[in-house]
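Fold and geometry: a report
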Amino acid sequence: MTTLREQIETTLPIDEAFVFVADFANAAHWDPGVATSERIGDGPVGVGARYRLGVRMGGRVAPMEYRITTFEPTWRVVLAGSGLGVAAVDDIRFEATPTGTRIDYTAEIRLRGLLRFAAPFAGGAFARIARDARDGMQRALDQRAAIG
């Protein structure tokens, strides 16, 4: 298993940052590793909400499905995802700061099946993906703060 940790600070208020990031239908707007993201079904964003993502892996886009397992507005959302040969748990925590919001993002990625043999060599690629996602989230939240 690979554990990745990233942190950002934005001037966007915590309630707005939480609503945007917790709804994984927005993932394609901030994560360059996500080609597509959409909500599966209706109802409010919360425990049990499901999302279908197209995740860029190498030169292809692989499907993954995520489900919210923990939803504690405005401070924490946890999503569990799975796809062909991969499982992930994304734990995203929000903290109000004097100037906006700090977000701590931890992702645990487990390769399964034949992909598990690549796990010892995937750390660098996963770290790059995490940095790109962090930078994309920073840009998207800062843009939202500038508009609001």
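In this report, we go over the structure that sits alongside the text. Within each chain, residue numbers correspond to sequence positions counted from 1 in written order. Note on the predicted model: pLDDT of at least 70 is required for a residue's local features to be given, and 80 or more for side-chain atom pairs to be given and counted; whole-chain, interface and lining totals, by contrast, use all residues. Side-chain descriptors were evaluated using all non-hydrogen atoms of the structure, hydrogens and water having been removed beforehand.

**Some thoughts on the sheet that holds strand S1 (residues 2-10)**
Two strands make a pair as long as DSSP finds a minimum of two bridges between them. Going along the chain from the N terminus, every DSSP run of H or I of four or more residues is numbered as a helix, and every run of E of two or more is numbered as a strand. Overall, antiparallel pairing links the 7 strands, which are arranged S1-S7-S6-S5-S4-S3-S2 in an open sheet. Looking at the sheet topology across the chains shown, the edges are occupied by S1 and strand S2 (34-40). With direction set aside, neighbouring strand axes in the sheet form an average angle of 20°. The pairing of strand S4 (residues 60-72) with strand S5 (residues 76-83) spans 8 bridges and is antiparallel. Note that in S5 the partner of Tyr 66 across the bridge is Gly 81. Here, two residues are considered to be in contact whenever any of their heavy atoms come within 4.5 Å of each other. Here an angle of 0 to 180 degrees is reported between the N-to-C directions of two axes, which are lines fitted to C-alpha atoms, with helices fitted over the stretch in contact. Against the sheet, helix H1 (residues 14-22) engages strand S3 (50-57), S4, S5, strand S6 (86-97) and strand S7 (100-111), with an angle of about 170° to S6.

**With respect to the environment of Thr 74**
Take Thr 74: it is sitting in the loop between S4 and S5. In this structure the C-alpha to C-alpha distance between Thr 74 and Asp 15, which are 59 residues apart in sequence, comes to 5.8 Å.

**Points about the side chain of Asp 23**
Note on placement: Asp 23 falls in the loop between H1 and helix H2 (27-30). Put simply, Asp 23 is tucked away with no salt bridge, and the nearest opposite charge, on Arg 39, sits 5.7 Å away. Once residues lying within four places of it in the same chain are set aside, the contact partners of Asp 23 are Val 45 and Tyr 51. The buried label applies to any residue whose accessible area, calculated with a 1.4 Å probe on protein chains only, is under 20% of its type's maximum; exposed applies above 50%, and partly exposed to all values in between. The charge count includes Lys and Arg as positive and Asp and Glu as negative, but it does not include His or the ends of the chains. Definition used for salt bridges: Asp or Glu carboxyl oxygen within 4 Å of a side-chain nitrogen of Lys or Arg.

**Re the pairing of S4**
Every regular strand shows the same layout, with side chains that alternate between the two sheet faces. Relative to S4, S3 runs antiparallel, the two being bridged by 8 bridges. Looking at the pairing, Met 57 lines up with Arg 60 of S4. Between the antiparallel neighbours S4 and S5 lie 3 residues.

**Some details on the side chain of Asp 31**
Within the fold, Asp 31 resides in the loop between H2 and S2. Arg 56 provides the closest opposite charge to the buried, unpaired Asp 31, separated from it by 6.9 Å. Here the side chain of Asp 31 touches Gly 33 through a polar contact of 2.8 Å, landing on its backbone nitrogen. Here a polar contact means two N or O atoms within 3.5 Å. Within protein one must be a hydrogen donor candidate and the other an acceptor candidate, and residues neighboring in sequence count only if both atoms are side-chain atoms.

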